[in-house]
Amino acid sequence: MPGATLPLNPPGNAGAAPDWRAAPERGSPTLLRLMTAIALRLGWRVGHALLFPITAYFLLTAPRPRRASREFLRRALGREAGWRELWRLYFSFSSTILDRVWLCTGRTEGFRLEMRGLDDLRARMAEGRGVLLLGAHLGSFEAMRAVADAGCPVELAVLMHEGNAARVKQWADALGGEARAAAIIPLGQPDAMLRVRECLERGGLVGLLADRAPEGARMVSVPFLGSPAPLPAGPHQLAALLGVPVMLAFGLRRGPRRYEVRFEPFEDLTAPVPRAGREEFLRRSLPRYAARLEDTAREAPDNWFNFHRFWGA
Amino acid sequence: MNAMAKPLPTGSEDTLAIEEELKRLIIEALSLETTPEEIDAEAPLFGDGLGLDSIDALEISLVVSKAYGVQLRSDDAQNHRIFASLRSLAAHVAAQRLR
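As the structure is a computational prediction, the values presented were derived from the model and not from experiment.

Calculation rules
- Residues numbered from 1 in each chain as written.
- Chains lettered and ligands numbered in written order.
- Predicted model: local features only at pLDDT ≥ 70, side-chain atom pairs only at ≥ 80, totals over all residues.
- Heavy atoms only, no water.
- Helix = DSSP H or I, 4+ residues; strand = E, 2+ residues; numbered from the N terminus.
- Contact = heavy atoms within 4.5 Å.
- Areas by Shrake-Rupley, 256 points an atom, 1.4 Å probe, with all protein chains shown as cover.
- Axes fitted to C-alpha atoms, helices over the stretch in contact; angles between N-to-C directions.
- Parallel < 35°, antiparallel > 145°, perpendicular 65-115°, else oblique.
- Nonpolar A, V, L, I, M, F, W, Y, C, P; charged D, E, K, R; others polar.
- Buried < 20%, exposed > 50% of the residue type's maximum accessible area, 1.4 Å probe, protein only.
- Pairing = 2+ DSSP bridges.
- pLDDT = per-residue confidence, 0-100.
- Phe/Tyr/Trp six-rings, centres within 6.5 Å; stacked < 30°, edge-to-face > 60°.
- Polar contact = N/O pair within 3.5 Å; in protein donor to acceptor, adjacent residues only side chain to side chain.
- Salt bridge = Lys/Arg side-chain N within 4 Å of Asp/Glu carboxyl O.
- Patch = residues over 30% accessible without salt bridge, like charges linked within 9 Å, V, L, I, M, F, W, Y side chains within 5 Å.

**What about the overall build of chain A?**
Part 1 of the reasoning: Helix and strand counts for chain A come out as twelve helices and nine strands.
Part 2 of the reasoning: A fraction of 75% describes how many contacts in chain A between residues 6 or more apart in sequence connect residues 24 or more apart.
Part 3 of the reasoning: Just so you have it, chain A exposes about 13,300 Å², and 55% of that area is on carbon and sulfur atoms.

In structure tokens, the structure reads:
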């Protein structure tokens, strides 16, 4: 075929636009703007009080995300989820959006941030090769950012899909979070991974949420809460290619202004995985990630912020 | 290595040789199911799900650094152009290698 571009991602699963992009948490942008305005003018307490009607509105008016959440909760709890559990999940989600305003600018007074695995993280950072942090849409990634500021002064960059990156950057700029806005690496630029590598080379942390991927990305079905779910291969391919220590990282919301930030050892790579071993690495790494995600999601089911059909249509 | 018949707008003989070599290296590094002849050197390397992604770019940067000792960096303001096509990447490698 003349004039072909290099066909890396076979358009095999074309037409299967990821559900989360087709129907993202529609609340996010609007809610984020509203929350930010309220939080900045009136403070956390007023913001928190307003979360009740706001959460009720989003819970009651969006049947599709609600169905998806019910499916997750049914699997995680091992029984049908009632409105109580749904409410807790939705309330937790809107709470993290409110809390972001403070966490993202490093204003953690009034917050209780419990750290776990910081020694494990420090030990790996001491190697000087940086640490790749695999997270998920489970809890608040921003909580982690604040902790990195407070207890562990280190360069932290977060990989994000382009649309989200632009929105978050705009928002962070509005908050005056110049340095933090710069620490977002938008996916989709050819040099995104070069930036990742350079940040790691400086001994920094690079976080990415490894439970979703943009359209066209390679997905691998792995067992997750009872059935195979498609998870992106990219984060694990990246880890193999970089050959740096990989940890899991979750910022679980445990109550009002209470977060538990966890860093867990995952894969201590000392060198890039040779090409021949990459598929084998993926086959090991992906199910292990899914298993840890499953355990953590079961432990904190109200932190599951994937409001799309995670197991596919 | 002598240049082939077709004159190139930006290409020197060196660039052309690197271009051909890069095709092979990239096909090998990314395990692409295509032949060097099938790759249009002027077509975009990266793009909407059909082209390469940024992980591939990292892979390519490793290949380029190993084969030519040229480091691709994210702070290069020219990246947009360097990554535009195989031809522009080859031109960049040729230029950097001379320094």
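**Comments concerning the packing of helix H4 (residues 63-77) of chain A against helix H5 (residues 83-103) of chain A**
Axes are the key here: two packed helices are described by the angle between their axes and the distance separating the axes.
Residue and element names in this part refer to chain A.
Part 1 of the reasoning: Following both chains from N to C, one finds H4 and H5 inclined at 110°, their axes separated by 10 Å at the closest point. As judged from the angle between their axes, H4 and H5 are roughly perpendicular. On the side of H4, the interface is formed by Pro-65, Arg-66, Ser-69, Arg-70, Leu-73 and Leu-77, while H5 contributes Trp-83, Glu-85, Leu-86, Leu-89 and Tyr-90.
Part 2 of the reasoning: Among the residues making up the contact of H4 with H5, the classes are represented as seven nonpolar, one polar and three charged.

**A look at the pairing of strand S2 (residues 131-135) of chain A**
All names here are of chain A.
Part 1 of the reasoning: With five of five residues buried, S2 lies mostly within the body of the structure.
Part 2 of the reasoning: Neither face of S2 is left uncovered, since the one carrying Val-131, Leu-133 and Gly-135 and the one carrying Leu-132 and Leu-134 both have all their residues buried.
Part 3 of the reasoning: By the bridge criterion, five bridges tie S2 to strand S5 (residues 205-209) in an arrangement that is parallel. Across the sheet, the residue bridging to Val-131 is Leu-205, located in S5.
Part 4 of the reasoning: Bridge analysis of S2 against strand S8 (residues 245-255) gives three bridges, and the strand direction is parallel. Note on S8: the bridge partner recorded for Leu-134 is Leu-248.

**Quick notes on the confidence of the model for chain B**
All names here are of chain B.
Part 1 of the reasoning: This prediction gives chain B a mean pLDDT of 80; 82% of its residues lie at or above 70.
Part 2 of the reasoning: The least confident element of chain B is helix H3 (residues 79-82), whose mean pLDDT is 85; the most confident is helix H2 (residues 54-68), at 90.
Part 3 of the reasoning: Taken as a whole, residues 1-9 scores under 50 in pLDDT and shows eight contacts with residues more than four places along the chain or in a different chain.

**Observations concerning the packing of aromatic side chains**
Aromatic ring pairs: the centre-centre distance and the angle between the two ring planes describe each pair.
All names here are of chain A.
Part 1 of the reasoning: Overall, the coordinates contain 16 aromatic pairs over all chains when judged by the stated rule.
Part 2 of the reasoning: Judged by centre distance (5.2 Å) and plane angle (65°), the ring pair of Tyr-90 and Phe-307 falls under edge-to-face. Here Tyr-90, found in helix H5, pairs with Phe-307, found in the segment after helix H12 (278-299); they are 217 residues apart in sequence, far enough to count as distant.
Part 3 of the reasoning: Residue classification places Phe-307 among the buried positions, given a relative accessible area of 7%.
Part 4 of the reasoning: With a centroid separation of 5.4 Å and 55° between ring planes, the pair formed by Phe-224 and Phe-310 is classed as tilted. With a gap of 86 residues between them, Phe-224 in strand S6 (residues 219-224) and Phe-310 in the segment after H12 connect regions that are remote in the sequence. The burial state of Phe-224 is the same as that of Phe-310; both residues are buried.
Part 5 of the reasoning: Put simply, the rings of Phe-72, Phe-224, Trp-304, Phe-310 and Trp-311 touch in pairs and so form one group of aromatic residues.

**Observations regarding the sheet that holds S5(A)**
Residue and element names in this part refer to chain A.
Part 1 of the reasoning: If you walk across this open sheet you meet the seven strands as S1-S9-S8-S2-S5-S3-S4, and the pairing is mixed. The strands lining the two open edges of the sheet, one partner per strand, are strand S1 (112-116) and strand S4 (184-186). The average angle at which neighbouring strand axes cross in this sheet is 25°, direction not considered.
Part 2 of the reasoning: Examined bridge by bridge, S1 and strand S9 (residues 258-268) share five bridges and lie parallel to one another.

**With respect to the environment of Ser88(B)**
All names here are of chain B.
Part 1 of the reasoning: Mapped onto the fold, Ser-88 is located in helix H4 (residues 86-98).
Part 2 of the reasoning: In this structure, the C-alpha to C-alpha distance between Ser-88 and Glu-42, residues 46 residues apart in sequence, is 8.0 Å.
Part 3 of the reasoning: In contact with Ser-88, other than residues within four places in its own chain, are Arg-81, Ile-82 and Phe-83.
Part 4 of the reasoning: Side-chain polar atoms of Ser-88 contact the backbone oxygen of Ile-82, separated by 3.1 Å.
Part 5 of the reasoning: Polar contacts involving the side chain of Ser-88 include one to the main-chain carbonyl oxygen of Ser-85, which spans 2.9 Å.

**Notes on the pairing of S9(A)**
Residue and element names in this part refer to chain A.
Part 1 of the reasoning: Of all eleven residues making up S9, eight are buried, and the element is well covered by its neighbours.
Part 2 of the reasoning: By the bridge criterion, ten bridges tie S8 to S9 in an arrangement that is antiparallel. Within S9, the position partnered with Phe-250 by the bridge is Arg-262.
Part 3 of the reasoning: Taking the residues between adjacent antiparallel strands as the criterion, S8 and S9 are bridged by two residues, where Arg-257 takes a positive phi near 50°.

**Considerations on the pattern of salt bridges**
Residues and elements named next belong to chain A.
Part 1 of the reasoning: All chains considered together, the criterion is met by 29 salt bridges over all chains.
Part 2 of the reasoning: Between Asp-120 and Arg-124 there is a salt bridge, with the nearest N and O atoms lying 4.0 Å from each other. Residue Asp-120 and its partner Arg-124 are located together in helix H6 (residues 118-125), separated by four residues, close to a single helical turn.
Part 3 of the reasoning: What you see here is one network of salt bridges that share partners, running through Arg-116, Arg-254, Glu-260, Arg-262 and Glu-299.

**Notes on a nonpolar patch on the surface**
All names here are of chain A.
Part 1 of the reasoning: Nonpolar side chains collect at one region of the surface, where Leu-42, Val-46 and Leu-50 lie side by side and expose about 230 Å² of accessible area between them.
Part 2 of the reasoning: Relative to the helices and strands, Leu-42 is located in helix H2 (residues 27-42).
Part 3 of the reasoning: On the basis of relative accessibility, which here comes to 53%, the residue Leu-42 falls in the exposed class.

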